[in-house]
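An overview of the molecular structure
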Amino acid sequence: MKASRLRRGMNLWPPFLFAGIRVVELSDDYRYAKVRMRLRWFNRNYVGTHFGGSLFAMTDPFWMLMVLRHLGREHVVWDRAGEIEFVRPGRGTVFAEFRLTDEHLAELRSRASGGGKALLWFPAEVVAEDGTVVARVRKQVYARLKAGSPDERASSEVKA
């Protein structure tokens, strides 16, 4: 799927739409994404700052989607774990950016070669318009070769 189409679809996806989360940019090569969330009455908490669940939601799917796009159909890719550290209250518009590198992909491929599972942590920061960090998020992505994939069969033959 073209990145522009996925970006538009994600902006209409109810968990993002109703939290006020917007995918501002998703590069054609699925290596970069930028997400924005403005503070609105429907995404603020009791004390008038960004709801923590919305801060986490704005970072949730991107690492898995970008990795899946690059590893291809011969791999199983899932989110395995996630954690968030709230650094300071978010009081205005906040942003998160994601950059998938060749090193990330090489590490996952290396760990998943031979049919093993690969687990890799990816960091992201949610920042305010002035650049101050509002939250630090880590997502752990799981990847492995699908059973019967050409790469998995080749590694099995080498072991035999």
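To start, this report covers the structure provided alongside it. Being a predicted model, the structure only gives us computed values, none of them experimental. (Residues numbered from 1 in each chain as written. Predicted model: local features only at pLDDT ≥ 70, side-chain atom pairs only at ≥ 80, totals over all residues. Heavy atoms only, no water.)

Overview of the sheet that holds strand 4 (residues 94–99)
- Read across the open sheet, the 6 strands follow the order 1-2-4-5-6-3; overall the sheet is antiparallel. Pairing within the sheet leaves two strands with one partner each, and these edge strands are strand 1 (21–26) and strand 3 (75–86). This sheet shows a mean twist of 20 degrees between the axes of neighbouring strands, independent of strand direction.
- Sheet topology places strand 4 next to strand 5 (residues 118–128); 3 bridges connect them, and they run antiparallel. Following the sheet pairing, Phe95 is matched in strand 5 by Val127.
- Here helix 5 (residues 102–112) sits on the sheet and contacts strand 3, strand 4, strand 5 and strand 6 (133–145); the angle it forms with strand 5, its principal contact strand, is near 155 degrees. (Pairing = 2+ DSSP bridges. Helix = DSSP H or I, 4+ residues; strand = E, 2+ residues; numbered from the N terminus. Axes fitted to C-alpha atoms, helices over the stretch in contact; angles between N-to-C directions. Contact = heavy atoms within 4.5 Å.)

Comments concerning the pairing of strand 1
- Bridge count for strand 1 against strand 2 (residues 32–37) is 5 bridges, and the pairing is antiparallel. The residue bridging Arg22 from the neighbouring strand is Arg36, located in strand 2.
- Hairpin connection, strand 1 to strand 2: the antiparallel pair is bridged by 5 residues, and Tyr30 has positive phi, about 60 degrees.

Details of the environment of Lys139
- Along the chain, Lys139 turns up in strand 6.
- Remark: the alpha-carbon pair of Lys139 and Ala106, spanning 33 residues in sequence, is separated by 18 Å.
- Ignoring any residue separated from it by four or fewer positions in sequence, one finds Lys139 in contact with Phe56, Thr59, Asp60, Trp63, Asp79, Ala81, Gly82, Leu120, Trp121 and Phe122.
- At 3.2 Å, the side chain of Lys139 and the side chain of Asp79 are in polar contact. (Polar contact = N/O pair within 3.5 Å; in protein donor to acceptor, adjacent residues only side chain to side chain.)

Description of helix 4 (residues 62–71)
- For helix 4, the complete set of buried residues consists of Phe62, Trp63, Met64, Met66, Val67 and Leu71.
- Gly72 occupies a position one or two residues after helix 4 and carries a positive phi of about 90 degrees. (Buried < 20%, exposed > 50% of the residue type's maximum accessible area, 1.4 Å probe, protein only.)

Here we look at the side chain of Thr49
- Along the polypeptide, Thr49 turns up in the loop between strand 2 and helix 3 (52–57).
- Setting aside residues up to four positions removed in sequence, Thr49 forms contacts with Leu39, Asn43, Arg44, Pro89, Gly90 and Arg91.

Some words on the packing of aromatic side chains
- The tally for this structure, following the rule as stated, stands at 6 aromatic pairs.
- Residues Trp13 and Phe16 carry aromatic rings whose centres are separated by 5.2 Å and whose planes lie at 65 degrees to one another, so their mutual orientation is edge-to-face.
- Accessibility expressed as a relative area gives 40% for Trp13, which makes it partly exposed.
- A relative accessible area of 1% places Phe16 in the buried class.
- The rings of Trp13, Phe16, Phe62, Trp63, Phe98 and Phe122 are connected pair by pair, giving a single aromatic cluster.
- Taking NZ or CZ as reference, Arg138 lies 3.9 Å from the ring centre of Trp121, over its face. (Phe/Tyr/Trp six-rings, centres within 6.5 Å; stacked < 30°, edge-to-face > 60°. Lys NZ or Arg CZ within 6 Å of the ring centre and 35° of its normal.)

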